[in-house]
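# Chains, contacts and geometry: an overview
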Amino acid sequence: MEHKVQQSKDATSRRSFLRKGLAVGGAGAIGAGLLANGVPAFAEEESGGLTPGDAAILRFLSAAEILETDLWQQYNELGGIQDSEVPGGSGIPGYIAALQVLDGDMPQYIHDNTEDEFTHFTFINAYLVSKGGDPVNLDRFRTLPSSKATGAQQIGRLTNLMQLTVDTSWWTRYRSRTQNPDFGDTFAQAIPGLSKGQFPAIPRSDADLKGFKPGNHPTIPDHLQAIANTAGFHFGFIEQGGTSLYPSLAQRVTNPEVLRILLSIGPTETMHFQTWHDKAGNAPALTDPTNGLVFPDLNASPFGGEDFQTNLIMPEPTIFLSRKFPVVSIIRPTETQGAAMGALKALTADGLFIGQSPAFFAFLQQLAQQADAA
Ligand SMILES: [Fe+2]
Ligand SMILES: [Fe+2]
């Protein structure tokens, strides 16, 4: 018995403590372990019961949600509905008209997605505080410029929506029946031009609205429509990221309540993603005369078929865990190892952080590394 209690004292985490404590056979041994050196065996947990790993995962998610909120706020100021729920900005009629080519309800959807992101980080931060943890605050990094277009607030931003390189392979990834990014597979771009170069997803200034004429049948120049199309595909990119991030990180939380938080927020990202996947398919085919960016007709050759057809917005079943299993309709990827750093890399490659300081990248990398070490 002496030896077995010693094992409990050596426990280095709640999980290993519980495993060893249970292994020696019951509550008596666990009690001995708790009191063995006058320090509770849960001392490595932060006060209130969060393990360092759970706290690190929540802190990374809070940071990701703050970044999401910042970019969605910019979309809402110019293309959404500005009200008491999501204040700021006054909208740009030409940009809104171009977004509404994708769906007449785009301003409402942008508003609702923005409000959701506000609540995600606000809740996670409040939960961290309630457990004695540190909330995440990125305010010191609000250094990037706002759009100069009439309608935007002139405040410092965390994210840059004016030089995006949008990875549109989420489009084909969710249509493949034989491949899965967790198996190392790569996927074709829906909009090859968007994945190379740098493009605005919001008007940068009033010059981007040149030629727009309002009315029941507004005149929308191709350059302005291309900006709205870019936003449409960017919405899908952002929200599919959240769709994968939550299940990827949920696999490594230990507290059932923290798991409940991840399992309850994550699927709202998926609801956003599904909506944006549908709307992106309505982006009209065109070529931006100012920069040559091409939005192809995804329903016509050489596109079209199961990989590109615009009404195929639900996930095709594909391989999962092992090829020995039957295919299944799933979120992809969901590999947990390196998931936080992978998300940070994807957002960085998107161009969202162009102009950010080395201190910003260092802080986010630290949060991601700590989450991935959980
Ligand atoms: Fe979110
Ligand atoms: Fe989101």
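## Overview of the environment of Leu-286
- Take Leu-286: it is sitting in strand β1 (residues 286–287).
- Each C-alpha atom of the pair Leu-286 and His-223 lies 9.0 Å from the other, and the pair is 63 residues apart in sequence.
- The contacts of Leu-286, once residues within four sequence positions are left out, are Asp-222, Gln-225, Ala-226, Asn-229, Leu-293, Val-294 and Phe-295.

## Topic: the packing of helix α8 (residues 222–250) against helix α10 (residues 339–349)
- Closest axis-to-axis distance for the α8/α10 pair is 10 Å, and the angle between their directions is 170 degrees. In terms of axis orientation, α8 runs roughly antiparallel to α10. Facing Phe-237, Ile-238, Leu-245, Ser-248 and Leu-249 of α8, the residues of α10 in contact are Ala-339, Ala-340, Ala-343, Ala-346 and Leu-347.
- Split into classes, the residues belonging to the contact of α8 with α10 amount to nine nonpolar, one polar and no charged.

## Points about the environment of Gly-266
- Here Gly-266 lies in helix α9 (residues 256–280).
- For Gly-266, a relative accessible area of 4% gives the class buried.

## As for the coordination of the iron ion (ligand 2)
- In this structure, Glu-68 (OE), Glu-117 (OE), Glu-239 (OE), Glu-239 (OE) and Glu-269 (OE) serve as the protein donors to the iron ion (ligand 2), at separations of 2.0 to 2.6 Å.
- A spacing of 3.3 Å is found between the iron ion (ligand 2) and the iron ion (ligand 1), which share Glu-68 as a donor. Highlighted residues: Glu-117 in helix α6 (residues 106–130) and Glu-239 in helix α8, separated in sequence by 122 residues.

## Quick look at the coordination of the iron ion (ligand 1)
- Within the protein, Glu-65 (OE), Glu-65 (OE), Glu-68 (OE), Glu-117 (OE), His-120 (ND1) and Glu-269 (OE) serve as the donor atoms for the iron ion (ligand 1), at 1.9 to 2.5 Å.
- Coordination at the iron ion (ligand 1) is irregular: its six donor atoms span angles of 56 to 167 degrees at the metal.
- The motif formed by the donor residues of the iron ion (ligand 1), counted along the single chain, is E-x2-E-x48-E-x2-H-x148-E.

## Here's the deal with α9
- Between its first and last C-alpha, α9 extends 36 Å over 25 residues, near the 36 Å set by a 1.5 Å rise per residue.
- Of the residues making up α9, those classed as buried are Val-258, Ile-261, Leu-262, Ile-265, Gly-266, Glu-269, His-272, Phe-273, Trp-276, His-277, Lys-279 and Ala-280.
- Structurally, α9 contributes buried residues whose contacts are with α4 (52–79), α6, α7 (170–173) and α8.

## Digging into the layout of surface pockets
- Considered as a void within the structure, the largest pocket measures approximately 780 Å³ in volume.
- As for the largest pocket, its lining consists of 39 residues, and the residues nearest its centre are Gln-240, Gly-241, Gly-342, Ala-343 and Ala-346.
- Mapped by element, the contributors of at least two residues to the lining of the largest pocket are α4, α7, α8 and α10.
- Ranked by residues supplied to the lining of the largest pocket, first place goes to α8 with nine residues.
- Looking at the lining of the largest pocket residue by residue, the class counts come to 20 nonpolar, 11 polar and eight charged.

## Side note on the packing of aromatic side chains
- The final tally for this structure, using the stated rule, is 20 aromatic pairs.
- Consider the rings of Phe-118 and Phe-121, whose centres lie 6.2 Å apart with planes at 40 degrees: the pair is tilted. Placement of both Phe-118 and Phe-121 in helix α6 is noted, with a separation of three residues, approximately one turn of the helix.
- When the ring of Trp-170 is compared with that of Phe-233, the centres are 6.1 Å apart and the planes differ by 40 degrees; the resulting orientation is tilted. Separated by 63 residues along the polypeptide, Trp-170 in helix α7 and Phe-233 in helix α8 bring together distant segments of the chain.
- Put simply, the rings of Trp-170, Trp-171, Tyr-174, Phe-233, Phe-273 and Phe-295 pair up and form one aromatic cluster.
- Positioned above the aromatic ring of Phe-363, the side-chain terminus of Arg-140 is 4.5 Å from the ring centre.

Conventions and cut-offs
- Residues numbered from 1 in each chain as written.
- Chains lettered and ligands numbered in written order.
- Predicted model: local features only at pLDDT ≥ 70, side-chain atom pairs only at ≥ 80, totals over all residues.
- Heavy atoms only, no water.
- Helix = DSSP H or I, 4+ residues; strand = E, 2+ residues; numbered from the N terminus.
- Contact = heavy atoms within 4.5 Å.
- Axes fitted to C-alpha atoms, helices over the stretch in contact; angles between N-to-C directions.
- Parallel < 35°, antiparallel > 145°, perpendicular 65-115°, else oblique.
- Nonpolar A, V, L, I, M, F, W, Y, C, P; charged D, E, K, R; others polar.
- Buried < 20%, exposed > 50% of the residue type's maximum accessible area, 1.4 Å probe, protein only.
- Donors = N, O, S within 2.8 Å, 3.2 Å for Na, K, Ca; no water.
- Tetrahedral: all angles 85-135°; square planar, octahedral: opposite > 155°, others 65-115°.
- Expected span 1.5 Å × (residues − 1).
- 1 Å grid on protein atoms, 1.4 Å probe; cavity = no way out; pocket = protein on both sides within 12 Å on 5 of 7 lines; lining within 4 Å.
- Points joined across faces, edges and corners; volume = space filled by probe spheres on them.
- Phe/Tyr/Trp six-rings, centres within 6.5 Å; stacked < 30°, edge-to-face > 60°.
- Lys NZ or Arg CZ within 6 Å of the ring centre and 35° of its normal.

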